[in-house]
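# Coordinate analysis (summary)
One-letter residues, chain by chain:
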Amino acid sequence: MKIFLNNRIPQNGIDLLKNNKLELIIPTDDHLSHEDWLKHCQSADVILNVGKNKFDKSFFDQCPNIKAIVLFSVGFDQVDVEEATRRGIPIGNTPEVLNKATSDVAFLLMQMVSRKVNYNIEKVKGGQWKDFDSMEALGQELYGKKLGILGLGRIGFEMAKKCRAAFDMKIIYHNRHHNHEAEQELDATYVSFEELLSQSDVISIHANYTPGEAGKFDKAAFEKMKSNAIFINTARGGFHNESDLLQAVQSGTIWGAGLDVTNPEPMHADNPLLQLPNVVILPHIGSATAEARAGMSRVAAENIIAFSKNLPMPSCANPDVYQQQM
Ligand code: DGY
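Each value, and the rule that gives it
Residues numbered from 1 in each chain as written. Predicted model: local features only at pLDDT ≥ 70, side-chain atom pairs only at ≥ 80, totals over all residues. Heavy atoms only, no water. Helix = DSSP H or I, 4+ residues; strand = E, 2+ residues; numbered from the N terminus. Rg over C-alpha atoms; globule rule 2.2 N^0.38 Å. Buried < 20%, exposed > 50% of the residue type's maximum accessible area, 1.4 Å probe, protein only. Areas by Shrake-Rupley, 256 points an atom, 1.4 Å probe, with all protein chains shown as cover. Lys, Arg positive; Asp, Glu negative; His and termini not counted. Charge placed at Lys NZ, Arg CZ, Asp CG, Glu CD. Core = buried A, V, L, I, M, F, W, Y, C linked by side-chain atoms within 4.5 Å. Contact = heavy atoms within 4.5 Å. Pairing = 2+ DSSP bridges. Right-handed = clockwise from strand over helix to strand, strands pointing away. Axes fitted to C-alpha atoms, helices over the stretch in contact; angles between N-to-C directions. Parallel < 35°, antiparallel > 145°, perpendicular 65-115°, else oblique. Left-handed = near helix turned anticlockwise from the far one by under 90°. Near = heavy atom within 4 Å. Polar contact = N/O pair within 3.5 Å; in protein donor to acceptor, adjacent residues only side chain to side chain. Nonpolar A, V, L, I, M, F, W, Y, C, P; charged D, E, K, R; others polar.

### A closer look at the overall build of the chain
Looking only at helices and strands, the chain features 13 helices and 12 strands. For 326 residues, the compact-globule formula gives about 20 Å, and the C-alpha radius of gyration of the chain, at 21 Å, lands near that figure. Along the three orthogonal principal directions, the C-alpha set of the chain runs to about 65 × 45 × 35 Å. Within the chain, the fraction of its 326 residues that count as buried is 49%. Taken as a whole, the chain presents about 16,200 Å² of accessible surface, with 51% of it coming from carbon and sulfur. Counting 33 positive and 40 negative side-chain charges, the chain places the averaged centre of each group 2 Å from the other.

### Describing the nonpolar core
By size, the foremost hydrophobic cluster in this structure holds 30 residues, and its most contacted members are Phe217, Met225, Phe231, Leu245, Ile254 and Leu273. Elements that contribute at least two residues to this core include exactly helix 9 (193-199), strand 9 (202-205), helix 10 (219-224), helix 11 (242-250), strand 11 (256-259) and strand 12 (279-281). The greatest single-element share of this core, amounting to 4 residues, is contributed by helix 11. Not counting the four nearest positions on each side in its chain, Leu245 is found in contact with Phe222, Phe231, His240, Ile254, Ala257, Leu259 and Leu273. Of all hydrophobic cores here, the second largest spans 28 residues; its members include Val105, Ala160, Ala188 and Leu282.

### Focus: the environment of Asn263
Assignment of secondary structure puts Asn263 in the loop between strand 11 and strand 12. Overall, Asn263 belongs to the partly exposed group, its relative accessible area being 45%. For Asn263 and Gly237, which are 26 residues apart along the polypeptide, the C-alpha to C-alpha distance reads 4.6 Å. Contact partners of Asn263, with chain neighbours within four places excluded, come to Gly237, Gly238 and Glu242.

### A few points about the environment of Asn241
Structurally, the position occupied by Asn241 is in the loop between strand 10 (230-233) and helix 11. For the pair Asn241 and Asp131, spaced 110 residues apart in sequence, the C-alpha separation works out to 39 Å. The contacts of Asn241, once residues within four sequence positions are left out, are Gly215, Phe217, Asp218 and Phe222.

### Some points on helix 11
The complete set of buried residues in helix 11 reads Asp244, Leu245, Leu246, Ala248 and Val249. Where helix 11 is buried, its residues meet helix 10, strand 10, strand 11 and strand 12. In the segment just after helix 11, Gly252 is the residue with positive phi, at about 80 degrees.

### So, the pairing of strand 9
Strand residues, when the strand is regular, have side chains that alternate between the two faces of the sheet. Residues Val202 and Ser204 of strand 9 are buried on one face, and the alternating residues Ile203 and Ile205, pointing to the opposite face, are buried as well. Of the pairings in the sheet, the one linking strand 6 (residues 146-150) to strand 9 comprises 4 bridges and is parallel in character. Paired with Ile149 across the bridge in strand 9 is Ser204. Traced from strand 9 through helix 10 to strand 10, the parallel crossover comes out right-handed.

### Looking at the sheet that holds strand 1 (residues 3-5)
The 5 strands lie next to each other as 2-1-3-4-5, forming an open sheet whose pairing is parallel. At either margin of the open sheet sits one strand with a lone partner, and together these are strand 2 (24-25) and strand 5 (91-92). Here 2 bridges tie strand 1 to strand 2, and the two strands are oriented parallel to one another. By the bridge assignment, Phe4 is partnered in strand 2 with Ile25.

### Quick word on the packing of helix 1 (residues 11-19) against helix 12 (residues 290-308)
Helix packing geometry: the angle between the two helix axes and the distance between the axes. Across the interface, helix 1 lies against helix 12 with an axial gap of 7 Å and an inter-helix angle of 25 degrees. Classified by the interaxial angle, the pair formed by helix 1 and helix 12 is roughly parallel. Two packed elements cross with a definite hand, and for helix 1 against helix 12 that hand is right-handed. Packed against helix 1, whose contacting residues are Asn12, Gly13, Ile14, Leu16 and Leu17, the element helix 12 presents Ala294, Ser297, Arg298, Ala301, Glu302, Ile304 and Ile305 at the interface.

### Notes on the site of the ligand
Around the ligand, the neighbouring residues are Ser73, Val74, Gly75, Leu98, Arg236 and His284. Take Gly75: an N or O atom from its main chain is 2.8 Å from an oxygen atom of the ligand. His284 places a polar side-chain atom, nitrogen or oxygen, 2.7 Å from an oxygen atom of the ligand. When isolated, the ligand has an accessible area of 230 Å², and the protein chains bury 80% of it. Here the shell around the ligand is composed, by residue class, of 2 nonpolar, 3 polar and 1 charged.

Written out as structure tokens, the structure is:
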């Protein structure tokens with residue numbers, strides 16, 4: 001079985017595969033061109049994918065021998081999952097192991113925005129730290145405020161838990177389904193999307209991204225939010241319309257924003273959002289801890305090992321694929 005890995009991952013997953021007599025094909029070139037990447041995919045049975053490569057219908061048409069794709073991520077928005085399922089191709093992903101790390105980043109961004117940390121760091125670096133000024137760069141406190149979560153799944157649950165413990169925040173959420181565990185353990189209240197917008201002091205997105213959600217946070221949505229609202233997106237950049245967000249923060253329609261994801265990625269260094277005092281942008285580091293990445297490496301390897309033994313992948317974005325094989 002030929003397994004193609006397109007970029008580096010922590011060694012523990014590679015060792016696990018080797019111990020199971022599975023060898024990876026790892027190109028020596030760190031930055032493969034699209035053509036070279038495609039050539040590798042065409043000669044592989046399984047792809048262990050790091051990064052944003054797209055697996056759409058045209059990809060599957062060009063790589064008819066692919067039998068499985070294992071993503072080094074929990075998100076699978078770059079895959080046409082319906083098409084993969086139709087072709088009997090399981091799509092592995094890496095949930096759970098990054099819940100804490102990713103929610104930590106949402107929590108961090110929320111605090112950085114509420115206390116204008118970026119602005120203040122720049123002030124110190126730029127030699128602008130002058131005498132004490134009781135009215136300058138005032139932040140807002142988070143104690144007792146309302147956290148609105150879009151997509152209260154595993155990562156959202158961790159974010160809600162931290163916000164309750166640290167700031168006694170009240171949790172409201174909007175989901176496809178009720179999250180009974182969160183309602184019982186965190187006293188979370190299910191609300192409509194409109195209510196989420198109008199009632200939240202902080203809105204944090206933790207939902208799976210699908211093309212139907214593109215630009216869900218647009219001018220109309222920002223206009224329904226409170227003027228003190230902090231918008232946090234650690235999920236996918238496609239959820240927000242960037243120019244509408246810029247306008248909303250610039251005009252004071254909302255207080256500010258913390259983003260770990262942008263659209264496109266990477267964000268260009270001259271993006272005007274980077275100039276705003278109440279905006280913090282991070283370069284998609286949600287799962288970037290040694291612990292989470294080692295966990296992802298292990299889960300990805302376990303998916304491949306299960307596949308090699310004709311067993312269902314333990315972490316699979318399209319488990320239906322196994323129903324249709326039965
Ligand atoms: C994930 O795991 O989905 C992270 O966002 C990295 O893509």
